[in-house]
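So the chains spell out like this:
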Amino acid sequence: MAQVVFSSVGKDFGRDAVLRDVEFEVPAGRFVALIGPSGCGKSTLLRMIAGLEHIDYGEIYIDGNAVNDLAPKDRDVAMVFQNYALYPHMTVAENMLFTLRMARRTRAESNDRMWEAARILGLEDLLDRYPRHLSGGQRQRVAMGRAIVRNPKVFLFDEPLSNLDAKLRVQMRAEIKRLHQRLGATMIFVTHDQVEAMTMAEQVIILREGRIEQVGTPLELYDRPANVFVAGFIGSPAMNLMGGTFERARGQLCFNPQSGSPIPIPPGALPGADKTIPGQKCLLGIRPEHITLPGSGPDSEDGEPFGEIPVDVVLVEVTGLDTHIVASAPSGEITILIRGRFDTVAGDRLQFRLNFSLAHVFDAETGERMG
Amino acid sequence: MTTLPLPAQKQLPRRNRKKTSAFYFVTVYGGVLLLLFLVLFPFYWMVTASIKNFREISIERTLIPREVTPKNYIDLFEQTSILWHLFNTAWISCFVTLVTVILASMSAYVLTRFLTPAAEWVARISLYAYMVPSIVLIIPFYIGLRMAGLVNTHAGLILSYLSFTLPLGIWMMRACFQTIPKTMEEAAVVDGANRFEAFFLIALPQALPGVVSTSIFVFILCWGEYLYPVVLINSDKLRTITITLDALTGGGQNIKFGLLMAASTVATVPILLIFLVLQKHLVRGFAAGGYE
Ligand SMILES: Nc1ncnc2c1ncn2[C@@H]1O[C@H](COP(=O)(O)OP(=O)(O)OP(=O)(O)O)[C@@H](O)[C@H]1O
Ligand SMILES: [Mg+2]
């Protein structure tokens, strides 16, 4: 168990800056997900912790010690690679014993630990097999086993589930989570799947083009995204974003979309709107699950006609558990998510009701959150 | 299930496939047989001639020996020191192969893993170095080795062999390491291995097929090398097998075919044995490497 701290870390590959001024702190024993679009530098960041990439600027501390000049083997971290990187010429047992062999542990102790890891991961029957005779899920387990035998200070996972099929992925998700609870070790988990990040992690770091966009708990990211990027990245289906301005007419605050008529906002519902200056271009963000149909949603509290807009249904998607409706409004296309079934087809005319108290306001120019 | 008659249209492509596969069969196997004949007939002639008597070889020219005689072999071992030459060739070839494989795999590893921009040039230069014909280098080599006092020694011969086996070995091993992904070594390094351990315990075992084929290639080159020993060695005791064979042609004036074929057979057998032994490893090595 150890704390991991990044202090204005940067990395260049040739002329391209891959990481810029990355700063965060992972408290000891925490499970952290590192998430971002492809090519944003997640793997690079992880490899810098492991010591596989040089740290060009700044410092990385593990357990209070700067590790910039430490060789990978002296950092006491274990890494699970995306393609597992099992040693093809070694059996499962030898794969797991390798790190203990390198640490010059005694044979008896090594075997004990290897068996312990095999038991935790259910690999007892596979110990004599070679990696090429294992299924994807089994290889994944061996890669995890190789990491846990050593009981390292920090675990690094680089998209370990991305090669598995959907069902196995859900199963391994739970298994990794259980492993974390059992070992209590610091774990940093790279993924580009936001569901994985949200369900597994205690803390999520969002990276984009080598910069940190936001650090927070999954619910913080969901409830208060720091900017448009995070807002669009977290949540599925993605948050609806409408461009426009906020206007105050006769004491009534309205959202004035780029096209379409102004939408009145209940007093005090949207603190972010009060921070805008008149005429400032903004983005109004509302998650699909925070738009309801009048009378059908749970939040038809007072029956006031606030935030209702007319729309035409474009597309209906049914998952069984819930229904996604994509509809076109004067201000643009809007997606909503309804729990349960709803009988509608493309071409229907509906009223959508925007729940402003759960909406977000962003500056259209900087993308930063307001309020 | 299987006894149900198949619909007619389903049988049609099948008949077509049969036709093409018959054509395929004839061309491929015919070609292979022809090649085999071309390759194996000289061997057949060599081995049979070595057990024929003079009349059958030179006058009757029989295809199948009527009378089998060990005389050529007895003469060979009595008149020449072929066993001694065989021993010289064997140890020099083994030594050069060993040194080449060790040095080449290590340099090739460094070239593919560390010096990547420079490596392209080093690799190209080593290929060019291999392509330079020995005949061009032989005089400078002779002068250099004479200054070092290594003319007419096995050490000098070994050095001269390395001048062409190393570039070849580096080139072959580099191609081999390029196909091995780096991630396993990175995993090993994170697992606590140092660079040497990552090389010897992770990269090299995966490169085993390349090591075996490089060894075979280098060994055969050394075994059959003629130019360097003929120029650098002049005492009979230090000779290699190619020179023995050369001596038996008697300068083209008085070729002792029986002896020559017996000597050729003796010179070929070790190579065949090595092939038979290593071939198994070659196949096994391929089976053990990579799984993705
Ligand atoms: N060795 C390298 N040399 C040059 N550029 C590199 C190197 N490794 C990575 N990059 C670049 O650095 C950027 C970040 O790469 P990285 O592998 O960290 O992305 P990632 O976030 O892990 O993406 P993915 O989700 O696709 O795995 C990419 O633009 C990539 O092209
Ligand atoms: Mg990556």
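Everything numeric here is computed off the predicted structure, so don't read it as measured data.

## With respect to the overall build of chain A
Within chain A one finds nine helices and 20 strands. Considering only C-alpha atoms, chain A reaches an extent of 80 × 45 × 35 Å along its principal axes. Scored against the burial criterion, the 371 residues of chain A give a buried share of 42%. By sequence separation, contacts in chain A at least 24 residues apart represent 66% of the contacts at least 6 residues apart.

## Observations regarding the overall build of chain B
The number of helices and strands found in chain B is 13 helices and zero strands. Reading the helices (α) and strands (β) of chain B from amino to carboxyl end gives α-α-α-α-α-α-α-α-α-α-α-α-α. A total of 292 residues make up chain B; the buried ones form 32% of that total. Taking the contacts inside chain B whose residues are at least 6 apart along the sequence as the reference set, 75% of them involve residues at least 24 apart.

## Observations concerning the interface of chain A and chain B
A common way to report how large an interface is uses the accessible area buried once the components associate. Each partner contributes to the interface: chain A provides 20 residues, whereas chain B provides 19 residues. If you list the elements that add at least two residues to the side of chain A that touches chain B, you get strand 6 (77-80) and helix 2 (92-102) of chain A. The residue inventory of the side of chain A that touches chain B, partitioned by class, reads 14 nonpolar, three polar and three charged.

## A short note on the environment of Gly243(A)
Relative to the assigned elements, Gly243(A) resides in strand 11 (residues 240-249). Of the residues examined, Gly243(A) has 15 C-beta atoms within 10 Å and is grouped as partly exposed.

## Here we look at the site of ligand 1
Residues and elements named next belong to chain A. Taken together, Phe13, Val18, Gly36, Ser38, Gly39, Cys40, Gly41, Lys42, Ser43, Thr44 and His192 form the complete shell of residues around ligand 1. Residue contributions to the shell around ligand 1 peak at three residues, all from helix 1 (residues 42-50). The residue inventory of the shell around ligand 1, partitioned by class, reads three nonpolar, seven polar and one charged.

## Section: the domain arrangement of chain B
Residue and element names in this part refer to chain B. As assigned here, chain B comprises domain 1 (19-69) and domain 2 (80-288). Between domain 1 and domain 2, the C-alpha centre-to-centre distance is 31 Å. Between domain 1 and domain 2, the contact holds eight residues from the first and six residues from the second. Among the elements of the structure, helix 1 (8-50) and helix 2 (54-60) are those that each provide at least two residues to the side of domain 1 that touches domain 2.

## So, the sheet that holds strand 14 (residues 282-286) of chain A
Residues and elements named next belong to chain A. Reading across from one edge, 13-12-11-14-20 is the order of the five strands in this open sheet, with antiparallel pairing throughout. Here the strands that pair on one side only, and so sit at the sheet edges, are strand 13 (263-264) and strand 20 (360-363). Pairing of strand 11 with strand 14, which is carried by five bridges, proceeds in the antiparallel orientation. By the bridge assignment for strand 14, Asn240 is matched with Ile286.

## Digging into helix 1 of chain A
Residues and elements named next belong to chain A. The buried fraction of helix 1 is high, at eight of nine residues. Taken as a whole, helix 1 has its buried residues at Lys42, Ser43, Leu45, Leu46, Arg47, Met48, Ile49 and Ala50. The first or second residue beyond helix 1 is Gly51, which carries a positive phi of 95 degrees.

## Details of the environment of Ala201(A)
All names here are of chain A. Within the secondary structure layout, Ala201 lies in the loop between helix 6 (194-200) and strand 9 (203-208). For the pair formed by Ala201 and Arg248, sequence separation is 47 residues and the distance between their alpha carbons is 41 Å. Once residues within four sequence positions are removed from consideration, Ala201 is found in contact with Phe31, Val32, Ala33, Phe189 and Pro218.

## Structural notes on the nonpolar core
Ranked by internal contacts, the top residues of the largest apolar core, which has 144 residues, are Val32(A), Leu34(A), Ile49(A), Leu156(A), Ile188(A) and Phe189(A). Considering each element in turn, this core owes the most residues, eleven residues, to helix 7 (residues 154-178) of chain B. Excluding anything up to four places from it in sequence, Ile188(A) contacts Val4(A), Val26(A), Val32(A), Leu34(A), Leu46(A), Ile49(A), Val154(A) and Leu156(A). In this structure, Ile57(B), Leu76(B), Leu248(B) and Val266(B) belong to the second largest nonpolar core, which totals 14 residues.

## Some thoughts on the confidence of the model for chain A
Mean pLDDT for chain A: 90, with 97% of residues reaching 70 or above. A low-confidence stretch, residues 296-301 of chain A (pLDDT under 50), is modelled with six contacts involving residues beyond four sequence positions or located in other chains.

## A few points about the pairing of strand 2 (residues 16-26) of chain A
Residue and element names in this part refer to chain A. As judged from the seven bridges shared by strand 1 (residues 4-13) and strand 2, these two strands associate in the antiparallel manner. Paired with Val5 across the strands is Glu25, a residue of strand 2. Linkage of strand 1 to strand 2, two consecutive antiparallel strands, is achieved through a turn of two residues, within which Gly14 is found at a positive phi near 60 degrees.

## Quick notes on the domain arrangement of chain A
Assigned domains of chain A: these are domain 1 (4-233) and domain 2 (240-363). Contacts between domain 1 of chain A and domain 2 of chain A engage five residues on the former and five residues on the latter.

## Some words on the sheet that holds strand 5 (residues 65-66) of chain A
All names here are of chain A. A sheet is described by the order of its strands in space; here four strands give the open sequence 2-1-4-5, paired in antiparallel fashion. Two strands bound the open sheet, and with one partner strand each, they are strand 2 and strand 5. One ladder, built from two bridges, connects strand 4 (residues 57-62) with strand 5; its direction is antiparallel. Along strand 5, the bridge assignment pairs Ile62 with Asn65.

## A short note on the pairing of strand 17 (residues 322-329) of chain A
Residue and element names in this part refer to chain A. Bridging between strand 16 (residues 308-318) and strand 17 involves six bridges; their strand directions are antiparallel. Within the sheet, the bridge partner assigned to Leu315 lies in strand 17 and is Val326. Connecting strand 16 to the next strand, strand 17, in antiparallel fashion are three residues, including Gly320 with a positive phi near 105 degrees. Relative to strand 18 (residues 332-339), strand 17 runs antiparallel, the two being bridged by eight bridges. Bridging across to strand 18, Ala327 finds its partner in Ile334. Where strand 17 hands over to strand 18, the hairpin turn is made up of two residues, counted between the paired strands.

## Concerning the packing of helix 8 (residues 183-190) of chain B against helix 9 (residues 195-206) of chain B
How two helices sit against one another is set out by the angle between their axes and by the gap between those axes. Residues and elements named next belong to chain B. Where helix 8 meets helix 9, the closest approach of the two axes is 9 Å, and the angle between their N-to-C directions is 135 degrees. Our classification of the angle between helix 8 and helix 9 gives oblique. Here helix 8 runs over helix 9; the crossing is right-handed. Between helix 8 and helix 9, the residues in contact are Met184, Glu185, Ala188 and Val189 and Glu197, Ala198, Leu201, Ile202 and Ala203, respectively. When its residues are assigned to classes, the contact of helix 8 with helix 9 shows seven nonpolar, no polar and two charged.

The rules behind the values
- Residues numbered from 1 in each chain as written.
- Chains lettered and ligands numbered in written order.
- Predicted model: local features only at pLDDT ≥ 70, side-chain atom pairs only at ≥ 80, totals over all residues.
- Helix = DSSP H or I, 4+ residues; strand = E, 2+ residues; numbered from the N terminus.
- Buried ≥ 20, exposed ≤ 12 C-beta atoms within 10 Å, placed from the backbone.
- Contact = placed C-beta atoms within 7 Å.
- Nonpolar A, V, L, I, M, F, W, Y, C, P; charged D, E, K, R; others polar.
- Near = placed C-beta within 6 Å.
- Domains from an automatic or database assignment.
- Pairing = 2+ DSSP bridges.
- Core = buried A, V, L, I, M, F, W, Y, C linked by C-beta atoms within 7 Å.
- pLDDT = per-residue confidence, 0-100.
- Axes fitted to C-alpha atoms, helices over the stretch in contact; angles between N-to-C directions.
- Parallel < 35°, antiparallel > 145°, perpendicular 65-115°, else oblique.
- Left-handed = near helix turned anticlockwise from the far one by under 90°.

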